[in-house]
Amino acid sequence: MRWPVTLVCRDTGEAYDAAEPRWRSESGGLLEVEATGSLDVHAIAERPPTLWRYREALPLADGVTPVSLGESVTPLVRISIGGIPVLVKQDHLFPSGSFKDRGAAVMISRLRHLGIGHVVEDSSGNAGCAVAAYCARAGIGCDIYVPRSTSPAKLTQLEYYGAHIHRVEGTREDVAHAAREAARSSYYASHVWDPFFVHGTKTFAYEVAEQLGWRAPDAVVVPVGNGTLLLGAFIGFAELKAMRIIDRMPQLIGVQASACAPLEGAWRAGGSDLPSVASVPSLADGIAVREPARWRSIIEAVRWSGGGILQVSEGAIRSALLELGRMGFFVEPTAAVAIAGARELLRRPGERETVVSVFTGTGLKAGHVLDEVLHS
Ligand SMILES: *Cc1c(COP(=O)(O)O)cnc(C)c1O
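Residues numbered from 1 in each chain as written. Predicted model: local features only at pLDDT ≥ 70, side-chain atom pairs only at ≥ 80, totals over all residues. Heavy atoms only, no water.

Peer 1: Looking at this structure, how should I read the sheet that holds strand β5 (residues 84-89)?
Peer 2: Sheet strands line up and pair through hydrogen bonds in the backbone, either parallel or antiparallel. Pairing in this open sheet of 6 strands is mixed, and the strands run β4-β5-β13-β10-β11-β12 from one edge to the other. Here the strands that pair on one side only, and so sit at the sheet edges, are β4 (76-81) and β12 (308-312). Strand-to-strand twist in this sheet, taken as the mean axis angle between neighbours without regard to direction, amounts to 30°. Alignment of strand β10 (residues 219-223) against strand β13 (residues 355-358), held across 2 bridges, turns out to be parallel. Bridge assignment links V220 to a residue of β13, and that residue is V356. (Pairing = 2+ DSSP bridges. Helix = DSSP H or I, 4+ residues; strand = E, 2+ residues; numbered from the N terminus. Axes fitted to C-alpha atoms, helices over the stretch in contact; angles between N-to-C directions.)

This is the structure:
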């Protein structure tokens, strides 16, 4: 990574030194990391199969020691959807059970290096678990704000890691508000706001490209709520293309549940406004985000890649979920959204030889919902 790494406000262009712990700009805008990474594909070939093999592509100072729980490169497994092969990243196999460990590993490594001793985060579940796990590993204290509806298994996981849990009544936005208030006297290690998180999730793209022999797939289908995986995938593939390691961008396809699909609405209407939507209870609670802060970046990323945003019904999520169990996979309902989306995509015309999707979270935390799905 070439220095200096700069944080730039999306709205105003104000720039800050990344040695400063800040999660938003002076004017309250979203920050993005500006840095030039590098990657020597021959030099890394012999390194251990963890996301740290792409170290030079991560915007971390040379002195940063990784906070690691052994986040292995996840297997890319071929499944068949409607007779068509799809390659699926097994990101539910991460240490805390979701792809959010990619982001938390990189974000928390930097924060420990900066001497941060305590953080605050809000999450509907998996992001909180990932942050709590890496904080425990790093010896950083954390307070996690969650909606009252958070699954019992995720609450237990948070408590087990030693996080202080705050259950907040009201909407997901109320939870975020409570966390931001608390962050006035702490650091807001938000998977949505801290711009280093998506530089962790970008390792998804590096792994996919490497597993395909340093080629880009034709399409990448991911569930999207706040867009931390979609934006990470975008950054990763765009960097690999800029470094001429791959020769084109894959189409990025974001998938939302119809029960809460503001991004799909924005995409369909041309992308200049985020519609206000009701949030109906959904199997895909992990992506029920009514006001994703980085929505403009998500629309831009999807457009730039030549992709799109789809929505899938509860029925389609349910059948994808049941189908995955019968194939031997154990994932949480939100993870089935991408597979339902891939099925929808493959019905549409288009030349797509290599389609990649992802299992974003494990089924082990969602036993109560899976039980309802099986018996309803
Ligand atoms: C967080 C999460 C998602 C969606 O990620 P966003 O960053 O909100 O787009 C999808 N599936 C699971 C299991 C998750 O935990």
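Peer 1: In this structure, what is going on with the nonpolar core? I would like to understand it.
Peer 2: Soluble, globular proteins show a tendency: their nonpolar side chains are buried together. In terms of nonpolar packing, the biggest core is built from 45 residues, with I108, L111, V119 and V131 touching the most fellow members. Residue assignment for this core shows that the elements contributing at least two residues are α1 (100-113), β6 (118-122), α2 (126-138), β7 (141-147), α3 (152-160), α4 (172-182) and β9 (187-188). Considering every element that reaches this core, the biggest residue donor is α2, with 8 residues. Not counting residues within four places of it along the chain, the set of residues in contact with V119 comprises L111, V131, C135, I140, G141, C142, D143, S186, Y187 and A189. Among the nonpolar cores identified, the runner-up in size contains 40 residues, and V198, F204, I299 and A301 belong to it. (Core = buried A, V, L, I, M, F, W, Y, C linked by side-chain atoms within 4.5 Å. Buried < 20%, exposed > 50% of the residue type's maximum accessible area, 1.4 Å probe, protein only. Contact = heavy atoms within 4.5 Å.)

Peer 1: Is there a simple way to think about the pattern of salt bridges in this case?
Peer 2: Oppositely charged side chains are able to pair whenever their charged atoms sit close together. One pass over the full model with this rule turns up 21 salt bridges. Here R172 makes a salt bridge to D122, at a shortest N to O gap of 2.9 Å. Within this pair, whereas R172 is found in helix α4, its partner D122 is found in strand β6, the two being separated by 50 residues in sequence. Look at D122 and you get buried, because its relative accessible area is 4%. Among the ionic pairs, E344 bridges to R348, the shortest N-O distance being 3.3 Å. Take E344: its relative accessible area is 24%, and that puts it in the partly exposed class. For R348, a relative accessible area of 41% translates into the label partly exposed. Shared partners join several salt bridges into a network, and the residues in it are K89, D91, R102 and E207. (Salt bridge = Lys/Arg side-chain N within 4 Å of Asp/Glu carboxyl O.)

Peer 1: Is there a simple way to think about the sheet that holds strand β8 (residues 164-168) in this case?
Peer 2: One open sheet holds the 4 strands; their spatial order is β8-β7-β6-β9, and the pairing between them is parallel. Every other strand in the sheet has two partners, leaving β8 and β9 as the edge strands with one partner each. Summarising the sheet, β7 and β8 pair through 5 bridges and their orientation is parallel. Paired with D143 across the two strands is H164, which belongs to β8. The sheet strands contacting α2 are β6 and β7, and the helix crosses β6 at an angle near 165°. Running over the sheet, α3 touches β7 and β8 and is turned about 150° from β8.

Peer 1: What exactly am I supposed to notice about helix α10 (residues 314-326) here?
Peer 2: Residue pairs three or four apart in sequence face the same way in an α-helix, which turns once every 3.6 residues. When the terminal C-alpha atoms of α10 are compared, their 19 Å separation across 13 residues agrees well with the 18 Å that a helix rising 1.5 Å per residue should span. Residues of α10 that are buried in the fold lie against β4, β11 (251-257), β12, α11 (333-347) and α12 (367-375). Looking one or two residues beyond α10, the residue adopting positive phi is G328, at roughly 100°. (Expected span 1.5 Å × (residues − 1).)

Peer 1: Teacher, can you tell me more about the site of the ligand here?
Peer 2: K100, N226, G227, T228 and T360 are the nearest of the 15 residues found near the ligand. K100 places a polar side-chain atom, nitrogen or oxygen, 2.8 Å from an oxygen atom of the ligand. N226 places a main-chain nitrogen or oxygen 2.7 Å from an oxygen atom of the ligand. Starting from 380 Å² of accessible surface for the ligand in isolation, the protein chains cover 96%. (Near = heavy atom within 4 Å. Polar contact = N/O pair within 3.5 Å; in protein donor to acceptor, adjacent residues only side chain to side chain. Areas by Shrake-Rupley, 256 points an atom, 1.4 Å probe, with all protein chains shown as cover.)

Read these as layout, nothing more, since geometry by itself doesn't imply function.
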